[in-house]
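If you want the building blocks of each chain, they are given just below.
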Amino acid sequence: MRTLRLKKCIVGMSVALGLAGALTACGATAPAATPTSNSGASQLSGTVTVFAAASLKATFTQLAKDFEAKNPGTKVTLSFAGSSDLVTQISQGAPADVFASADTKNMTKLADAKLLDGTATNFATNVLEIAVPPSNPASISSLADLAKPGVKVVTCASQVPCGAATETVEKASGITLSPVSEESSVTDVLGKVTSGEADAGLVYVTDVKGAGDKVMGVPFPESDAAVNTYPIATVSSSQNKELAVAFIASVTSEAGKKVLGDAGFGAP
Amino acid sequence: MKTATGYQGIPRWIYAVAAVGGLLVVLPLVAMLAKVNWPQFVPLITSESSLAALGLSLRTSAASTVLCIVLGIPLALVLARGEFPGQRLLRAFVLLPLVLPPVVGGIALLYTFGRQGLLGKSLEAAGIQIAFSTTAVVLAQTFVALPFLVVSLEGALRSAGNRYEAVAATLGARPTTVLRRVTLPLVLPGLASGAVLSFARSLGEFGATLTFAGSLEGVTRTLPLEIYLQRETDADAAVALSLVLVAVAVAVVGLSYGARRSSTPAEVRP
């Protein structure tokens, strides 16, 4: 049991986070390996490792802090990456307890591989928004403006979730965009807008909020055609399912909803 | 290689450690080979987007190699033969992209040639737009590949010495003639291997391109960017394309090694 845990910790180090984070994780997990007699719901302890989509970075960092404050003796270790990268890591044996995906497609991949404990819960939604530099050099005020000649638009490639959403919006609205670049992540799209290279980019509402005053958001009604749902679930190989379930409950609680709502996420 | 005395000069245990080192490089490649979906290999690498990426990679790398040669020869000459204040500083800066993370190079290029950049503003006023164009890809590749050519050529220039140039000059040849007729032919093998390495580095360029040039099929999405994107949805395609890149890299490195070996006799010729 102990050696197994040690191995898992070593895997954890190589897969996620910094060395320091992984070491504290291993240290904190050790006591949990020997179960205590009174393990009631109020006696949560140990470490829960949460793999979450990159777009959840700000909110989940906050939620983890709140969770640790509310449950002394617990530690939440976070690993953020693209949802499909995280699915690959979990399939390859990365020691995740909780997985929060930015789309249902990637969660289904894990469910199909029988790597989930129970079913996933939808906890947030996200829609696209147009991000423009604060000066809005191309005077963008609607989705149709993006199709005007000479406007440098950057979008996600159709292979990644934000690109798939962009494609859905284009189809639903009948507006065809000719982007100057199709990036492989939403952060790359945002980067092109904040650096002023692009006149506009299609990103999530939450990305616009997260970028502060470096970009300006232009909401558009056509975004309703592609509502992205965020599911969360316990991973079947989790060594601390009690804690995993408690963390998921804190995300879906009223307090959790408020943190997510403040960041721009919608209710599922 | 055995010396004249037959003494190898390395203890046996070194071989064991060397084998581990070799495995560290070879094993991941073997693992990748094992993952290739062979029945689908040809369709995967000949899909429209793959061919567009491969074509773009070869064209931009060729262009950056030419740029590296044009800019690298004078740089190497100045560094190897010239004498001026700040020479060592210049060498350090020229070699910087070798150790710089590519994404840092991309950010630096962005703030130079980007729309809001140091030169970008004037270029934009002149009607030249670099961002999101194939030119941006070539610039990013040249930035990271130039040191390879300069290092190779500077080394060749130093080991060749300047005796022949001195003789040519005493016979009345002008400096440009000496450069064209004596110096360059003398260091041609070093120049060739440097050019081949620059080509290989350009072909593999990823970070600076992603940060600076963007990613659009046929315009800025080179083979490494295509692999990065395919990995999201089609792992088989990503592995197949990776193998293509490995094959090209092996061929290029082999070529460069060949050029280097054939350069040895030329340098020691009395």
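Residues numbered from 1 in each chain as written. Chains lettered and ligands numbered in written order. Predicted model: local features only at pLDDT ≥ 70, side-chain atom pairs only at ≥ 80, totals over all residues.

**Observations concerning the overall build of chain A**
- Looking only at helices and strands, one finds ten helices and ten strands in chain A.
- Counting only residues that meet the buried cut, chain A has 47% of its 268 residues in that class.
- In chain A, 76% of the contacts between residues at least 6 apart in sequence involve partners at least 24 apart. (Helix = DSSP H or I, 4+ residues; strand = E, 2+ residues; numbered from the N terminus. Buried ≥ 20, exposed ≤ 12 C-beta atoms within 10 Å, placed from the backbone. Contact = placed C-beta atoms within 7 Å.)

**Examining the overall build of chain B**
- The helix and strand tally for chain B stands at 13 helices and zero strands.
- Element order for chain B, N to C, with α for helix and β for strand: α-α-α-α-α-α-α-α-α-α-α-α-α.
- By the burial criterion, 38% of the 270 residues in chain B qualify as buried.
- In chain B, of all internal contacts separated by at least 6 residues, the share reaching a separation of at least 24 is 78%.

**Observations regarding the packing of helix H4 (residues 87–99) of chain B against helix H7 (residues 134–160) of chain B**
Residue and element names in this part refer to chain B.
- Look at H4 against H7: their axes get within 8 Å of each other, and the N-to-C directions meet at 120 degrees. When the interaxial angle is binned, H4 and H7 end up oblique. When the axes of H4 and H7 are compared, the crossing they make is left-handed. Contact residues: H4 offers Val94, Leu95, Pro97 and Leu98, while H7 offers Phe143, Val144, Leu146, Pro147, Val150 and Val151. (Axes fitted to C-alpha atoms, helices over the stretch in contact; angles between N-to-C directions. Parallel < 35°, antiparallel > 145°, perpendicular 65-115°, else oblique. Left-handed = near helix turned anticlockwise from the far one by under 90°.)

**A short note on the nonpolar core**
- Grouped together as the largest cluster of nonpolar side chains are 79 residues, with contacts concentrated most on Ala131, Val193, Ala200 and Val203 of chain A together with Ala136, Ala140 and Leu153 of chain B.
- Per-element accounting of this core gives the leading share, 16 residues, to H7 of chain B.
- If you look at the next biggest cluster of nonpolar residues, it comprises 41 residues, including Ala100, Ala102, Leu260 and Ala263 of chain A. (Core = buried A, V, L, I, M, F, W, Y, C linked by C-beta atoms within 7 Å.)

**Some words on the interface of chain B and chain A**
- Contact residues are listed per partner, giving 15 residues for chain B and 17 residues for chain A.
- The dominant element in the side of chain B that touches chain A, judged by the number of residues it contributes, is helix H12 (residues 223–233) of chain B, at four residues.
- Partitioned by chemical class, the residues of the side of chain B that touches chain A number seven nonpolar, six polar and two charged. (Nonpolar A, V, L, I, M, F, W, Y, C, P; charged D, E, K, R; others polar.)

**Quick word on helix H3 (residues 57–70) of chain A**
Residue and element names in this part refer to chain A.
- With 14 residues, H3 extends 20 Å from end C-alpha to end C-alpha; this agrees with the ideal 20 Å at 1.5 Å per step.
- The set of residues buried in H3 consists of Thr59, Phe60, Leu63, Ala64 and Phe67. One face of H3 carries all of its buried residues, which in axial projection span an arc of 130 degrees. Exposed and facing more than 90 degrees away from the buried side of H3 are Lys65 and Ala69.
- Summarising the contacts, the buried residues of H3 are in contact with strand E1 (46–53), strand E2 (74–81), strand E3 (98–100), helix H9 (241–252) and helix H10 (254–262). (Expected span 1.5 Å × (residues − 1). Arc of directions from axis to C-beta.)

**Points about the pairing of strand E8 (residues 200–204) of chain A**
Residue and element names in this part refer to chain A.
- Within E8, five of the five residues are buried, leaving the element largely enclosed by the surrounding structure.
- Sheet analysis places strand E5 (residues 128–132) next to E8, joined by four bridges and oriented antiparallel. Each residue of the ladder has a partner; that of Ile130, found in E8, is Leu202. (Pairing = 2+ DSSP bridges.)

**With respect to the confidence of the model for chain B**
Residue and element names in this part refer to chain B.
- Per-residue confidence for chain B gives a mean pLDDT of 88, with 93% of residues at or over 70.
- The secondary structure element of chain B with the lowest average pLDDT is helix H13 (residues 235–268), at 76, and the one with the highest is helix H3 (residues 48–81), at 95.
- Counted against residues more than four places away or in other chains, residues 265–270, with its pLDDT under 50, gives three contacts.
- Under the prediction, the complex receives an ipTM of 0.73, its pTM being 0.77. (pLDDT = per-residue confidence, 0-100.)

**A look at helix H1 (residues 13–35) of chain B**
All names here are of chain B.
- Here H1 contains 23 residues, and its C-alpha end-to-end distance of 33 Å stays within 8% of the 33 Å for a straight helix at 1.5 Å per residue.
- The sharpest bend along H1 measures roughly 35 degrees and falls at Leu24, with the proline Pro28 sitting one to four residues further on.
- Little of H1 sits inside the fold, with zero of its 23 residues counted as buried. (Bend = angle between axes of the 7 residues up to and from the residue.)

**Quick word on the pairing of strand E10 (residues 228–235) of chain A**
Residues and elements named next belong to chain A.
- Summarising burial for E10: seven of the eight residues are buried, a large majority.
- Note that E3 and E10 share three bridges and pair antiparallel. The partner of Val98 across the bridge, within E10, is Thr234.

**Considerations on the environment of Glu226 of chain B**
- Note that Glu226 of chain B resides in helix H12.
- Placed 15 residues apart in sequence, Glu226 of chain B and Leu241 of chain B show a C-alpha to C-alpha distance of 8.4 Å.

**Focus on the sheet that holds strand E4 (residues 116–126) of chain A**
All names here are of chain A.
- Read across the open sheet, the five strands follow the order E2-E1-E3-E10-E4; overall the sheet is mixed. Looking at strand neighbours, the two that pair on one side only are E2 and E4, the edges of this open sheet. The mean angle between the axes of side-by-side strands here comes to 20 degrees, regardless of whether they run parallel or antiparallel.
- Across the sheet, H9 lies against E1, E2, E3, E4 and E10, angled at about 160 degrees from E10, the strand it touches most.

**Quick word on the sheet that holds strand E7 (residues 181–183) of chain A**
Residues and elements named next belong to chain A.
- The sheet built from five strands is open, its strands ordered E7-E6-E8-E5-E9 with mixed pairing. Where the open sheet ends on each side, the last strands, each with one partner, are E7 and strand E9 (216–218). Each neighbouring strand pair of the sheet contributes to a mean axis angle of 35 degrees, computed without reference to strand direction.
- Sheet topology note: the strand E6 (residues 153–156)/E8 ladder contains two bridges and is parallel. Note on E8: the bridge partner recorded for Val153 is Ala200.
- Running at roughly 115 degrees to E6, helix H6 (residues 161–173) makes contact with E5, E6, E7 and E8 of the sheet.
- Most of the contacts of helix H7 (residues 186–194) go to E8, to which it runs at about 145 degrees, and overall it touches E5, E6, E7 and E8.

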